[in-house]
Amino acid sequence: MKKSVLTRYRVMAYVTGVLLVLLTLGMIGKYLLDLNGAADFTRVVSIAHGWLYVLYLVFAFDLGSKAKWPVGKQVWVLLAGTVPTAAFFVERKISHELESRLAEDSPAPAKA
């Protein structure tokens, strides 16, 4: 597995996580605090999160299939983009796990 596959997943996990936190704050502002402009903010962020979550799903599935994860772990990672802040914790755990695996798989540098 290439390191770029992990990097794509990590970027999308952070983007999805940030957008979901912003969406949650927008919903609180819209429904609980009745803030002016919260409806427009929520609409824009929800559309962006929706489209980018689909991209996150594609990259997370690609990572899981290349890492040969069991179905349960794959579903856990895919659903992390739906719970506010979960994507950050799951990304951290997955990155530590796969970076150590990538370090083991990388060939030793040739000596001149």
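The name an unreviewed UniProt entry assigns to the protein is DUF3817 domain-containing protein, from the organism Streptomyces koelreuteriae. One UniProt comment on the protein, placed under Subcellular location (unreviewed entry), says "Cell membrane".

Residue-level account of the pattern of salt bridges, with values.
What the rule picks out here adds up to seven salt bridges. Ionic pairing is found between Asp-62 and Lys-66, a salt bridge with its closest N-O pair at 3.3 Å. One end of the pair, Asp-62, and the other, Lys-66, are both in helix H2 (residues 38–67), four residues apart, so they sit about a helical turn from each other. Linked by salt bridges that have partners in common, Lys-3, Arg-10, Glu-91 and Glu-99 make up one network.

Break down the UniProt feature "transmembrane region" (unreviewed entry) in the protein for me, citing the residues and quoting the values.
Here, the residues flagged by UniProt with the feature "transmembrane region" (unreviewed entry) are residues 12–32 and 44–64. Here residues 12–32 runs as 100% helix and 0% strand, with 29 Å between its end C-alpha atoms. Counting secondary structure, residues 44–64 comes out at 100% helix and 0% strand; the distance between its end C-alpha atoms is 30 Å.

Tell me about the nonpolar core, residues and numbers included.
Among the nonpolar cores identified, the biggest contains 19 residues, and Tyr-9, Tyr-56, Leu-63, Trp-69, Val-77, Ile-94 and Leu-98 are the most heavily contacted of them. Looking at this core, the elements that each hand over two or more residues are helix H1 (3–32), H2, helix H3 (71–79) and helix H4 (86–105). Examining the composition of this core, we find that six residues originate from one element, H2, more than from any other. When neighbours within four sequence positions are excluded, Tyr-56 is seen to be in contact with Tyr-9, Met-12, Ala-13, Thr-16, Val-77, Leu-78, Ala-80 and Gly-81.

Cut-offs and rules
Residues numbered from 1 in each chain as written. Predicted model: local features only at pLDDT ≥ 70, side-chain atom pairs only at ≥ 80, totals over all residues. Heavy atoms only, no water. UniProt positions renumbered as here; feature names shortened; annotations may be inferred. Salt bridge = Lys/Arg side-chain N within 4 Å of Asp/Glu carboxyl O. Helix = DSSP H or I, 4+ residues; strand = E, 2+ residues; numbered from the N terminus. Core = buried A, V, L, I, M, F, W, Y, C linked by side-chain atoms within 4.5 Å. Buried < 20%, exposed > 50% of the residue type's maximum accessible area, 1.4 Å probe, protein only. Contact = heavy atoms within 4.5 Å.

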